[in-house]
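Spelled out, the chains give:
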Amino acid sequence: MNLAVQIDDLSYTHPGAELRALEHVSLTAAAGESIALLGPSGAGKTTLMTLLDGRLRGWRGRAYVLGAPLDPDHPPPRARRPDTGFVFQEFALVEPSSVLRNVLNGRLGRMSRFRAAFWTPAFRDFELARSALADCGIADLAARRVDSLSGGQRQRVAIARCLAQEPRLILADEPVSNLDPARATEILTLLTGAARARGATVIFSSHQPDLARRFADRIVGMRDGKIVFDVAVDDLSEAATAELYRETVIPPGSGLRAVS
Amino acid sequence: MRSRGLGSFAVGAFISGAILWSLLTTEVELSRLLSAGPRIADFLGRMVPPDPTVMNEIMKGSAETLRIAILGSLGAIFFSVPLGMLASETMVSPALFRPVRTLLALIRAVPLILVAMLMVGAVGLGPLPGIIAVAIHATGMLAKFYAEAIDSVSRAPIAALESAGAGPLARLRHAIWPQMAPVIARDTIFRFELNLRESLILGIVGAGGIGFYIQTYVRSFQYDKAASVTLAVIAMVITIEAINVALRRRFA
Ligand SMILES: Nc1ncnc2c1ncn2[C@@H]1O[C@H](COP(=O)(O)OP(=O)(O)OP(=O)(O)O)[C@@H](O)[C@H]1O
Ligand SMILES: [Mg+2]
């Protein structure tokens, strides 16, 4: 089987943090698969996806992304970076720049260093940016500055930038967390649809089990840096989700009191 | 409440004390104060009508003031780019940016006219000491503004471009610069306006520009000519203000 992601026994602690953000995490994703990461705040979803994007140093374990090993001590070579696309939880767009420029920024890793630094996108870069904008339904916003957009529109720009990058693995960190239910469905439809059309693998995190069920082939539950379940959508039980999001029980005598 | 009442009493006593001290020790003679009104009126009377024959000097002086402001601002930008980086919280360690910030605050604390006097002492009369003075004085503020512009750049888009495979130069060009440029442009224009306005009087201490003529004409009792130059200065300040308002409307 062709694997997009294959990780084994990953552990990671953020610099300065006391608790491990990831503890002995193992996971595989088949090419073309759509996986949802569920789990309460602080479970380690962002940490895991950031690691897969090659942006964390000093972790332990083994990780292969799109067939190549990740190095815990060095960032991936430039040529491989655009293959993994990341949709950031807080969008991470260049606010004073136009929508089109932000989407073209997704092409920077595919251009020569000279082209990238001196801003001479080729015809093909513009074409890919335009088609990503069209796929995300924001072709008419191309000239607008990002700081004049709504949250839902920004989310579409962030996804368009990721698609223009032509990634084979898409990591989307809570792509619908600050959208109303109708908008959330639209965004996930376009994200998973665009990925399927391009044959790309998707891993997205979410706090909404119903959306995860609808848009993923597989659901991975995380809590306290560990994977607590990893099941096909049809096998996900209500009890497992409830257990995943249960309140933290504070042991008596720990000096902390629960807030009512 | 008690301590607050006491506090305001102390402040009141302090202010009254300061006023009394000024009145009693300055030896303001009542007779001179009473005759000051008519004298000032007489003085102003000798300023009208302003003498329009000094148009040439006005043009020459204003052109020199403009040159001092332009070259002084260029100098300030030249110093502010490196000093702004060294004063930035996000680029260098506290051991470096704290002393640099203190230095900039000290520079800001010295009035331009004082820097100009020192520079006239150092390099002699003419526009050169004016240019150096403007460059030094403006750097105190501009480098601080640049440091703030650097520190206000949000990191997330930089990480996003890195994730997409953009190199350091491309990140600087497409994530950092677009965030900084509007702030840098606005602050530099603002400081240039202040430089132009403040350098109008530099000539009074011999540091070049239109102020030189005001000083010369007042010293030689040619009040009607001094009046023309003063009017020209007022007109220039108003023009600068108007241009600035127009610019701000465009950039805001
Ligand atoms: N930069 C950091 N420095 C120190 N600790 C961090 C940092 N980022 C995350 N952590 C810690 O790592 C753990 C996992 O955080 P992470 O952001 O991966 O959680 P998450 O599942 O994405 O949560 P959320 O649903 O709120 O986005 C948390 O305990 C968090 O406090
Ligand atoms: Mg997160």
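To continue, consider the overall build of chain B. For chain B, the helix and strand inventory stands at 10 helices and zero strands. Listed by position from the N terminus, the elements making up chain B come as α-α-α-α-α-α-α-α-α-α. Computed over C-alpha atoms, the radius of gyration of chain B comes to 24 Å, more than 25% over the 18 Å expected from 2.2 N^0.38 for 252 residues, which places it beyond the range of a compact globule. On the principal axes, the C-alpha backbone points of chain B span a range of 80 × 65 × 40 Å. Every one of the 252 residues in chain B was classed for burial, and the buried ones make up 37%. For chain B, long-range pairs separated by at least 24 residues make up 73% of all intrachain contacts whose partners lie at least 6 apart in sequence.

All names here are of chain A. The coordination sphere of the magnesium ion (ligand 2), as far as protein atoms go, consists of Thr-46 (OG1) and Gln-89 (OE1), spread over 1.8 to 2.7 Å. Pair noted here: Thr-46 is in helix α1 (residues 45-52) and Gln-89 is in the loop between β6 (84-87) and α2 (99-105), with a separation of 43 residues, a long-range link. Classification of Thr-46 as partly exposed rests on a relative accessible area of 33%. Under the relative-accessibility criterion, Gln-89 is labelled partly exposed at 24%.

Residue and element names in this part refer to chain A. If you walk through the whole model with that rule in mind, you get 28 salt bridges over all chains. The partner of Asp-224 in a salt bridge is Arg-223, and the shortest N-O contact between them spans 3.9 Å. Taken together, the shared-partner salt bridges connect Arg-107, Arg-124, Asp-125 and Glu-166 into one network.

We now examine the environment of Glu-198 of chain B. All names here are of chain B. Tracing the backbone shows Glu-198 in helix α8 (residues 168-198). Judged by relative accessible area, which is 26%, Glu-198 ranks as partly exposed. Linking Glu-198 and Ile-113, residues 85 residues apart in sequence, is a C-alpha distance of 8.5 Å. Setting aside anything within four residues of it in sequence, one finds Glu-198 in contact with Leu-112, His-137 and Arg-191.

Here the focus is helix α3 (residues 55-86) of chain B. In an α-helix there are 3.6 residues to a turn, and that puts residues three or four apart on one side. Its 32 residues place the ends of α3 of chain B 46 Å apart at the C-alpha level, agreeing with the 46 Å of an ideal helix rising 1.5 Å per residue. The largest bend along α3 of chain B measures about 35° and falls at Ser-80 of chain B, with the proline Pro-82 of chain B one to four residues further on.

We now examine the sheet that holds strand β4 (residues 60-65) of chain A. Residues and elements named next belong to chain A. Read from one edge to the other, the open sheet built from four strands follows the order β2-β1-β4-β5, with strand pairing classed as antiparallel. With one partner strand each, in any of the chains shown, β2 (22-30) and β5 (68-69) form the two edges of the open sheet. Against the sheet, α1 touches β1 (3-12), β2 and β4, its axis set at about 120° to β1.

Time to look at the confidence of the model for chain B. The predicted model of chain B averages 89 in pLDDT, with 97% of residues at 70 or higher. Mean pLDDT per element in chain B: helix α2 (residues 30-47) of chain B is the minimum at 79, and helix α6 (residues 127-151) of chain B is the maximum at 95.

What follows covers the layout of surface pockets. Approximately 560 Å³ is the volume attributed to the largest pocket. In terms of lining, the largest pocket is formed by 21 residues, of which the most central are Met-91, Ile-150, Leu-172, Ile-176 and Met-180 of chain B. Of all the secondary-structure elements, those providing two or more residues to the lining of the largest pocket are α3 (113-118) of chain A together with α3, α6 and α8 of chain B. In terms of residue count, the dominant contributor to the lining of the largest pocket is α8 of chain B (nine residues). Residues belonging to the lining of the largest pocket are distributed by class as follows: 17 nonpolar, one polar and three charged.

Parameters at a glance
- Numbering of residues starts from 1 in each chain and follows the order in which that chain's sequence is written.
- For naming, the first written chain is A and the first written ligand is 1, with later ones following in the order written.
- Predicted model: local features are reported for residues with pLDDT of at least 70 only, side-chain atom pairs are reported and counted for 80 or more only, and whole-chain, interface and lining totals are derived from all residues.
- Excluding hydrogens and water, the side-chain values take into account all heavy atoms of the structure.
- Per the convention used, a helix needs a DSSP run of H or I reaching at least four residues, while a strand needs a run of E reaching at least two, with both numbered from the N terminus.
- Values of the radius of gyration come from C-alpha atoms, whereas the globule rule sets the reference at 2.2 Å times the count of residues to the power 0.38.
- Type-normalised accessible area, obtained with a 1.4 Å probe on protein chains alone, sets the label of each residue: buried when under 20%, exposed when over 50%, and partly exposed for intermediate values.
- The criterion used for residue contact is that any of the two residues' heavy atoms lie within 4.5 Å.
- In this description, a donor is an N, O or S atom within 2.8 Å of the metal centre, a cutoff extended to 3.2 Å for sodium, potassium and calcium. Water is not part of the atom list, which can make sites seem incomplete.
- Every case where a carboxyl oxygen of Asp or Glu lies within 4 Å of a side-chain nitrogen of Lys or Arg is listed as a salt bridge.
- A helix is expected to span 1.5 Å for every residue after the first.
- In this analysis the local bend is the angle between axes fitted, respectively, to the seven residues ending at and the seven residues starting at the residue.
- In this description, strands pair whenever DSSP reports at least two bridges between them.
- The angle between two axes is taken between their N-to-C directions and runs from 0 to 180 degrees, where each axis is a line fitted to C-alpha atoms and a helix contributes only its stretch in contact.
- Per-residue confidence from the predictor is reported as pLDDT, which spans 0 to 100.
- A 1.4 Å probe that fits but cannot get out identifies a cavity on a 1 Å grid over protein atoms alone, an open set with protein on both sides within 12 Å along at least five of seven lines counts as a pocket, and a residue lines either if it has an atom within 4 Å of a point.
- Grid points are joined across faces, edges and corners, and a volume is the space filled by probe spheres set on the points.
- All amino acids are sorted into three groups, where Ala, Val, Leu, Ile, Met, Phe, Trp, Tyr, Cys and Pro are nonpolar, Asp, Glu, Lys and Arg are charged, and the leftover types, Gly among them, are polar.

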